[in-house]
Amino acid sequence: MTGVTVGLPEIVAGFIVVALNAYALTGGADFGGGVWELLARGPRRDAQRALVARALAPIWEANHVWLILVVVMLFTAFPDVFATLGIILHVPLSLMLIGIVLRGSAFVFRSYDPRDDSVRRKWGRLFAVTSIVTPGLLGMVIGAIASGAVGDAARRLAAVHAGSPSSDGFVSIYVRPWLAPFPIITGVLALTMFAFLAAVYLAVAATDDALREDFRRRALVAAGAVLVMAGAGLVAADVYAPDVLRSLLGGGWASALQLATGAAALACIAALWTRRWQLARVAAAGQVSLILWGWVAAQYPWMIPSTHAIRTSSAPAVTLKLLLMGLAVGAAILLPSLAYLYRTFARAETTAMVNGEP
Amino acid sequence: MTDLLAARTQMAISLGFHIVFAEIGIAMPLLMVLAEWRWRRTGDAAYRELATRWAKGTAVLFAVGAVSGTVLSFELGLLWPGFMRIAGPIVGIPFSLEGFAFFTEAIFLGVYLYGWNRVSARVHLTAGVLVAAGGATSAGFVVLVNAWMNTPVGFQLAGDGRLTGIDPIVGMQSPAALEQVLHMLLAAYAATGMAVAGVHAWLLVRGGAPALHRRALMLALAVGAPAAVLQPLSGDFSARVVAKTQPVKLAALESEWETMRRAPLHIGGWPDVKREQTRWAIQIPAGLSLLAFHDPNAEVKGLRAFPRDVWPPVVIVHLAFQVMVAAGLALAFVALWAGWVAWRRHDVTSSRRLLMAVALVTPLGFVATEAGWIVTEVGRQPWIVQGLVRTSAAVTPMPGLIVPMLTFTALYVGLGAIVAVLIASLVRETASRHTTGDTSTAQQSQ
Ligand code: HDD
Ligand code: HEM
Ligand code: HEM
């Protein structure tokens, strides 16, 4: 990674990553909640599940909007990138959407289905399973982009359309870019990170000490899993995406980011160990964010490696300016509102009420 | 089925599904807020009960609206990359503003639904107002996108088909913008208000808790009936804009073949595209000229004035238009009747016949909405952006689109059925609790 030129396209791209980062820390953690729903164990199994439900209910829809913001900003500012991702990654994105639909629906059905508990348990299970599949697919999509396979497929598709003879079939253009070892590992890494975040947040949100300890233990295990998966990612990158690895480890910024990521990981484990909950939360969020920005730095200046550079694939400057103005006004309303929402529901107390029912 | 047809079908089903939840998401928060406000003003506990009952249903419907909306925003790229490539920089701005409206909506819906005992009365009510305002705003912005697709402005056309010199702000003020936003918002209040009124009217006919349902009926009518009365007027405004800006669509929805002055209005009938005539329609002389241009001698262009390859599917568009207008007139009639009874007798529940009529029109607002969107969207074919980009040029090159189309159709059919059962059982729960006189609070929901 050499010099960084910052102009309108880079600023907008930066905000898209900020929104993606916010989605990872909020919506991502909500997916992680589903993991712990599925893995609820031991004498406090039902209490664990209830905590997940109470913590998510008031905020998951707001958290989900970050994803929509990412999509909308992407197609506004980088229409060609959006179009290309929509074409090459049609299959995993569609599967992810099915996951999003089923998970959101199952979550509210579980809360509101007036039928008996066994029906609700079924909705809970569907919620949990889709909470695992969906972020896995999201991670695979990112892995496919990062590995360079999407850009590669897009180029081959363009060649086919230009009439050059080729042996590329459906699988080689629409399946292989994402159904490959490196994307699969990034998928699992994303899932592990989200589960880790959720465990830390739930430990903070719990008002009952035993429950808090349950999630502390889970958070520690998950922290280890994140380290393992991140290591696996590096090994896989060495084999399948050497360009990514070179930039990830290449000097300057990139190494600084790697070092900071490691420091955050250690800080989080130490904080969990010594039961400093707020610190653990900040460190966990920092670690996940740094992993994300590490990917971004490694990929810079490409939106889609080898075909779409930030500079050359952006919308006209008027659009970018208007978008930034919209973002500024929107953020002025949004950030205080979000802060208010989180403050109001910071503690998932057992006395939490649904719809005013005492 | 060609890939293009599969893509169109998938888009139509996704939108047709989403729009029901979107309309409810626009109008239900207003109803909830009104009920809560009445409770805080009068101390009448039935209003509070109503607000919490409505909130339960809204929570479910809103979530389904949010996830189906997410599907739509991805589908723009999954199905129509060629459209987004060209139009993204211009329609992206209203879509982004819509995104912020969603945030407001979702944040304060959380506060509203789960904050009954956590925030003050004033904050709670304000949160409800913000949800209602956020819903209406987001609908307004997204309809601006659609209005631009119908009457695109704010750019120059470059030789390669790309747009240059774009101005998204001008793009948001396209000729169809005001007409469509007004008609859509009224549609949301009319459809949801009259449907909620219908459900409570039916429960009253069945003899359920009169105190609760009478209040519910009055509030729902207060929102739904004025909108239903205004909707034909707004529709007339829409038709005049369409006549001016999209003459092929007007000709198709009226199934008018010949260009003429004193053009007649066709009511009902079946357009025979091969013979280029409309059979079995009731004709009102000069009716169309009068409606479309407010002048009996105005010239209305017929389909023959346009090359066949830019005709939309005439039969679908014409029939859908007839369905919308019929449903709209029925709703307006029942709404006026309710207004008359309320004015003369001060109590809409005193007329059993009126209650039956309100119950009978329960689904019509949603039927009219679906039909209206079919008029707008199918009537724009073969264009995805009127006169600019053909739908066939916008579709994704990915083959096998029938598979995702069938998958999403199955998903939505299943989801729709589950939601229907769930809402029905929530309604039944309310009904039975009150008929047995048990007004104690419900079991914990979690
Ligand atoms: C409650 C729902 C409802 C009702 C009762 C009506 N409409 Fe409607 N109509 C819609 C709901 C709707 C809509 C929300 O579905 C549409 C689709 C696009 C739009 O902006 O509004 C629409 C579109 C639409 C259009 C096409 C606009 C365009 O393509 O730009 C026309 C000409 C009319 N309507 C006319 C009418 C008339 C003459 C009605 C008389 C009764 C009427 N509508 C009742
Ligand atoms: C306001 C937001 C809307 C936008 C931006 C929008 C956009 C689109 C797009 C991009 C397509 C595909 C291209 C085309 O066929 O022209 C489409 C098709 C379609 N949409 Fe919409 N739409 C909107 C609202 C709706 C709603 C609420 C409905 C409800 C039923 C609807 C019904 C349809 C139908 C039936 C088609 C298929 C038309 C055909 O191919 O014959 N649309 N729309
Ligand atoms: C192509 C067209 C459309 C797209 C891409 C789209 C996108 C979305 C998205 C992403 C959401 C989720 C927001 C959240 O998470 O809270 C949503 C919800 C919503 N949409 Fe749409 N939408 C479209 C058409 C429409 C139309 C035609 C209307 C109504 C007029 C509408 C009104 C709403 C409303 C009010 C909500 C709030 C959630 C709800 O009440 O269910 N949308 N839409």
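Residues numbered from 1 in each chain as written. Chains lettered and ligands numbered in written order. Predicted model: local features only at pLDDT ≥ 70, side-chain atom pairs only at ≥ 80, totals over all residues. Heavy atoms only, no water.

Some remarks on the overall build of chain B
Here's step 1: Within chain B one finds 14 helices and 10 strands.
Here's step 2: In terms of C-alpha radius of gyration, chain B reaches 23 Å, essentially the compact-globule figure of 22 Å for 446 residues.
Here's step 3: C-alpha extents for chain B along the principal axes are approximately 70 × 45 × 40 Å.
Here's step 4: The burial tally for chain B puts 59% of its 446 residues in the buried class.
Here's step 5: Sequence-distant contacts, at least 24 apart, represent 75% of the contacts inside chain B between residues at least 6 apart.
Here's step 6: Approximately 17400 Å² of chain B is accessible, and the part contributed by carbon and sulfur atoms is 66%.
Here's step 7: In chain B, 33 side chains carry a positive charge and 25 a negative one; their mean positions are 7 Å apart. (Helix = DSSP H or I, 4+ residues; strand = E, 2+ residues; numbered from the N terminus. Rg over C-alpha atoms; globule rule 2.2 N^0.38 Å. Buried < 20%, exposed > 50% of the residue type's maximum accessible area, 1.4 Å probe, protein only. Contact = heavy atoms within 4.5 Å. Areas by Shrake-Rupley, 256 points an atom, 1.4 Å probe, with all protein chains shown as cover. Lys, Arg positive; Asp, Glu negative; His and termini not counted. Charge placed at Lys NZ, Arg CZ, Asp CG, Glu CD.)

Re the coordination of the iron atom of ligand 2
Here's step 1: Only one protein atom coordinates the iron atom of ligand 2: Glu377(B) (OE), located 2.1 Å from the metal.
Here's step 2: For Glu377(B), the location among the structural elements is in helix α12 (residues 364-378). (Donors = N, O, S within 2.8 Å, 3.2 Å for Na, K, Ca; no water.)

Topic: the site of ligand 3
Here's step 1: Taken together, 26 residues surround ligand 3, and among them His18(B), Gly25(B), Gly65(B), Gly69(B) and Phe102(B) come closest.
Here's step 2: Residues near ligand 3 are shared among chains A and B, making this a multi-chain site.
Here's step 3: With respect to ligand 3, the side chain of His18(B) contributes an N or O atom lying 2.9 Å from a nitrogen atom.
Here's step 4: The contact in question runs from an oxygen atom of ligand 3 to an N or O atom on the backbone of Phe21(B), over 3.4 Å. (Near = heavy atom within 4 Å. Polar contact = N/O pair within 3.5 Å; in protein donor to acceptor, adjacent residues only side chain to side chain.)

Things to note about the coordination of the iron atom of ligand 1
Residues and elements named next belong to chain B.
Here's step 1: Taken together, the protein donors to the iron atom of ligand 1 comprise His183 (NE2) and Met324 (SD), at separations of 2.1 to 2.3 Å.
Here's step 2: Around the iron atom of ligand 1 sit 6 donor atoms, and with donor-metal-donor angles ranging over 85 to 180° the site reads as octahedral. Of the two residues, His183 sits in helix α6 (residues 177-205) while Met324 sits in helix α10 (residues 314-345), which places them 141 residues apart along the sequence. Of the two residues examined, His183 and Met324, each falls in the buried class. (Tetrahedral: all angles 85-135°; square planar, octahedral: opposite > 155°, others 65-115°.)

Considering the pattern of salt bridges
Here's step 1: For the coordinates displayed, the defined rule picks out 20 salt bridges over all chains.
Here's step 2: The partner of Glu213(A) in a salt bridge is Arg275(A), and the shortest N-O contact between them spans 2.8 Å. Of this pair, Glu213(A) sits in helix α10 (residues 209-240) while Arg275(A) sits in the loop between α12 (253-273) and α13 (277-299), placing them 62 residues apart in sequence.
Here's step 3: Assessed through its relative accessible area of 40%, Arg275(A) is described here as partly exposed.
Here's step 4: Linking Glu36(B) and Arg40(B) is a salt bridge whose minimum nitrogen-to-oxygen distance equals 2.6 Å. Taken together, the positions of Glu36(B) and Arg40(B), both in helix α1 (residues 3-42) and 4 residues apart, correspond to about one turn of that helix.
Here's step 5: With relative accessibility at 33%, the residue Arg40(B) sits in the partly exposed group. (Salt bridge = Lys/Arg side-chain N within 4 Å of Asp/Glu carboxyl O.)

What about the confidence of the model for chain B?
Caution applies to low-pLDDT regions: their predicted coordinates should not be interpreted in detail.
Here's step 1: Overall, the prediction assigns chain B a mean pLDDT of 92, with 96% of residues at 70 or greater.
Here's step 2: Note that pLDDT drops below 50 for residues 435-446 of chain B; the model gives that stretch 25 contacts with residues more than four away or on any other chain. (pLDDT = per-residue confidence, 0-100.)

Describing a nonpolar patch on the surface
All names here are of chain B.
Here's step 1: Where nonpolar side chains cluster on the molecular surface, the patch consists of Met1, Leu5, Ile402, Val403 and Leu406 and spans about 460 Å² of accessible area.
Here's step 2: In terms of residues, the nonpolar patch owes the most to one element, helix α14 (residues 402-435), which gives 3 residues.
Here's step 3: If you trace the backbone, Met1 turns up in the segment before α1. (Patch = residues over 30% accessible without salt bridge, like charges linked within 9 Å, V, L, I, M, F, W, Y side chains within 5 Å.)

So, the interface of chain A and chain B
Here's step 1: At the junction of the two partners, chain A supplies 75 residues and chain B supplies 74 residues.
Here's step 2: Carbon and sulfur atoms supply 73% of the area buried between chain A and chain B, which totals about 6700 Å² over both sides.
Here's step 3: The salt bridge partner of Asp80(A) is Arg85(B), with a shortest N-O separation of 2.6 Å.
Here's step 4: Connecting chain A to chain B are 8 residue pairs in polar contact (both at pLDDT 80 or more).
Here's step 5: Going through the elements one at a time, α2 (45-56), α3 (60-77), α4 (79-88), α5 (90-112), α6 (117-146), α7 (149-161), α8 (170-175) and α14 (317-344) of chain A are the ones with two or more residues in the side of chain A that touches chain B.
Here's step 6: Of the residues forming the side of chain A that touches chain B, the biggest block, 16 residues, is contributed by α5(A).
Here's step 7: Looking at side-chain class alone, the side of chain A that touches chain B contains 49 nonpolar, 17 polar and 9 charged residues. (Buried area = accessible area lost by both parts, 1.4 Å probe. Nonpolar A, V, L, I, M, F, W, Y, C, P; charged D, E, K, R; others polar.)

Regarding the environment of Ala260(A)
Here's step 1: Mapped onto the secondary structure, Ala260(A) falls in helix α12.
Here's step 2: When the C-alpha positions of Ala260(A) and Ile291(A) are compared, they lie 9.5 Å apart, and in sequence the two are 31 residues distant.

Some points on a positive patch on the surface
Residues and elements named next belong to chain A.
Here's step 1: On the surface, a cluster of positive charge is made up of Arg41, Arg45, Arg121, Lys122 and Arg125.
Here's step 2: For the positive patch, the leading source of residues is α6, giving 3 residues.
Here's step 3: Its location among the elements puts Arg45 in helix α2.

Focus: the packing of helix α8 (residues 247-254) of chain B against α10(B)
Residues and elements named next belong to chain B.
Here's step 1: In the contact formed by α8 and α10, the axes pass within 7 Å of each other and the chain directions differ by 70°. When the axes of α8 and α10 are compared, the pair comes out roughly perpendicular. Side by side, α8 and α10 meet where Ala252, Leu253 and Glu254 of the first sit next to Val314, Val317, His318, Phe321 and Gln322 of the second. (Axes fitted to C-alpha atoms, helices over the stretch in contact; angles between N-to-C directions. Parallel < 35°, antiparallel > 145°, perpendicular 65-115°, else oblique.)

Details of the site of ligand 2
Residue and element names in this part refer to chain B.
Here's step 1: The environment of ligand 2 is made up of 21 residues, and the closest members are Arg8, Leu15, Glu377, Arg380 and Gln381.
Here's step 2: Note that a nitrogen atom of ligand 2 is positioned 2.5 Å from one of the side-chain N or O atoms of Glu377.
Here's step 3: Counting only elements with at least two residues in the shell around ligand 2, the list comes to α1, α4 (121-150), α12 and β9 (383-385).
Here's step 4: Among the elements that line the shell around ligand 2, the one with the most residues is α1, at 6 residues.

Considerations on the environment of Gln278(A)
Residues and elements named next belong to chain A.
Here's step 1: With respect to the secondary-structure elements, Gln278 resides in helix α13.
Here's step 2: Separated by 220 residues in the primary sequence, Gln278 and Pro58 place their C-alpha atoms 21 Å from one another.
Here's step 3: Here Arg281 takes part through its side chain, which lies 2.9 Å from a polar atom of the side chain of Gln278.

Quick word on the packing of helix α1 (residues 8-38) of chain A against α2(A)
Residues and elements named next belong to chain A.
Here's step 1: Running from N to C, α1 and α2 point in directions that differ by 165°, and their axes come no closer than 9 Å. Considering their axes alone, α1 and α2 lie roughly antiparallel with respect to each other. Here α1 and α2 pass one another in a crossing that is left-handed. Of the residues in α2, those touching α1 at Asp30, Gly33, Glu37 and Leu38 are Arg49, Val52 and Leu56.
Here's step 2: Class assignment for the residues of the contact of α1 with α2 results in 3 nonpolar, 1 polar and 3 charged. (Left-handed = near helix turned anticlockwise from the far one by under 90°.)

Notes on the nonpolar core
Here's step 1: Of all hydrophobic cores here, the largest spans 248 residues; its most connected members are Phe78(A), Trp54(B) and Phe83(B).
Here's step 2: Ranked by residue count, the leading element in this core is helix α2 (residues 45-79) of chain B, at 19 residues.
Here's step 3: Residues in contact with Phe78(A), not counting those within four places in the same chain, are Pro9(A), Val12(A), Ala13(A), Ile16(A), Met73(A), Met303(A), Ile310(A), Ser313(A) and Ser314(A).
Here's step 4: Within the second largest apolar cluster, 28 residues are counted, among which are Ala251(B), Trp311(B), Phe321(B) and Val375(B). (Core = buried A, V, L, I, M, F, W, Y, C linked by side-chain atoms within 4.5 Å.)

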